[in-house]
Amino acid sequence: MKMIAVIVLGVLLIVFGFFIWLGQSSQSGKALGLLNNSLQPCPDTPNCVTSELGPEAEKFIAPLDISMFNNTEMDILAAIETAIVSSGGKIENKHSGYLAATFKSAIFGFVDDVEVRIVPGKLIHFRSASREGKSDFGANLKRLTALKQLIQKNLEK
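Overview of the structure.

Now for the overall build of the chain. When its secondary structure is counted, the chain shows three helices and eight strands. Walking the chain from its N terminus toward its C terminus, one meets helices and strands in the order α-β-β-β-β-α-β-β-β-β-α. Expressed as a percentage of its 157 residues, the buried residues of the chain come to 37%. At a minimum sequence separation of 6, the contacts of the chain that also span at least 24 residues come to 57%.

Okay, structure coming up:
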């Protein structure tokens, strides 16, 4: 019985160590940025969500329609930045019509990149992707859904 407990403990320590290593390795890198003035497509892994694809894609989240708001691009960027920071994100890059941020998981320190692209007067496009691993257990979709709601609330003020 002691031997089984030692083996199980050893396996758990190896798995735990692997996740710590994976979390640390995700901390290097940066958001992919724009490609031909669009957010880059998601990789084949299920740990990415974007609004730049058609609705038939499993990694799709609808963009945020901002056509009904009369906000300037600076107001919109400020609303996005406020939503990201209040959700625990860190702004990494911001320029005209584009913003990149990172979110870090509490337990292992996994880093996810969130990118936002504004189509002035029309839409806000989103992309959220994990830097490491294959699955995110739906974290990126949940994050973007919450961010969209916060941004819309900030724009309605």
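When the charged atoms of two side chains lie near each other, side chains of opposite charge can form a pair. By the definition in use, this model includes five salt bridges. Between Lys94 and Glu81 there is a salt bridge, and its shortest N-O distance comes to 2.7 Å. Note that Lys94 is positioned in strand β5 (residues 90–95) and Glu81 in helix α2 (residues 73–86), a separation of 13 residues in sequence. Exposure remark for Lys94: the relative accessible area of 43% places this residue in the partly exposed category. The class of Glu81 is partly exposed, set by a relative accessible area of 25%. The partner of Arg143 in a salt bridge is Asp112, with the nearest N and O atoms 3.1 Å apart. Of this pair, Arg143 sits in helix α3 (residues 139–156) while Asp112 sits in strand β7 (residues 111–119), and the two are 31 residues apart along the sequence. Each member of the pair, Arg143 as well as Asp112, carries the same accessibility label: buried.

Once that is clear, we can look at the packing of α2 against α3. Put simply, α2 and α3 touch, their axes get as near as 9 Å, and they point 135° apart. In terms of axis orientation, α2 runs oblique to α3. Viewed along their axes, α2 and α3 form a crossing whose handedness is right-handed. The segment α2 lies against α3, with Asp75, Ile76, Ala79, Ile80, Thr82, Ala83, Ile84 and Ser86 engaging Leu147, Leu150, Ile151, Asn154 and Leu155. When its residues are assigned to classes, the contact of α2 with α3 shows nine nonpolar, three polar and one charged.

Quick look at α2 now. Given a rise of 1.5 Å per residue, 14 residues ought to cover 20 Å, and the 20 Å separating the end C-alpha atoms of α2 matches this to within 8%. Ile76, Leu77, Ala79, Ile80, Ala83 and Ile84 are the residues of α2 that are buried. One side of α2 holds all its buried residues, which, seen down the axis, span an arc of 160°. Relative to its buried face, α2 has exposed residues pointing more than 90 degrees away, namely Met74 and Ser86. Looking at the buried residues of α2, the elements they touch are β5, β6 (98–104), β7, β8 (123–130) and α3. Positive backbone phi, approximately 100°, marks Gly88, located one or two places after α2.

Of note, Asp75 is situated in helix α2. Counting along the chain gives 80 residues from Asp75 to Leu155, while the straight-line C-alpha distance between them is 7.8 Å.

By the definition in use, this model includes one disulfide. Linked covalently through their sulfurs, Cys42 and Cys48 form a disulfide whose S-S length is 2.1 Å. Looking along the S-S bond of the Cys42-Cys48 disulfide, the torsion reads about -65°, which is the left-handed sense. Like Cys48, Cys42 is buried.

Thresholds applied
- Residues numbered from 1 in each chain as written.
- Predicted model: local features only at pLDDT ≥ 70, side-chain atom pairs only at ≥ 80, totals over all residues.
- Heavy atoms only, no water.
- Helix = DSSP H or I, 4+ residues; strand = E, 2+ residues; numbered from the N terminus.
- Buried < 20%, exposed > 50% of the residue type's maximum accessible area, 1.4 Å probe, protein only.
- Contact = heavy atoms within 4.5 Å.
- Salt bridge = Lys/Arg side-chain N within 4 Å of Asp/Glu carboxyl O.
- Axes fitted to C-alpha atoms, helices over the stretch in contact; angles between N-to-C directions.
- Parallel < 35°, antiparallel > 145°, perpendicular 65-115°, else oblique.
- Left-handed = near helix turned anticlockwise from the far one by under 90°.
- Nonpolar A, V, L, I, M, F, W, Y, C, P; charged D, E, K, R; others polar.
- Expected span 1.5 Å × (residues − 1).
- Arc of directions from axis to C-beta.
- Disulfide = S-S within 2.5 Å.

Keep in mind that these numbers describe shape and distance, not what the molecule does.
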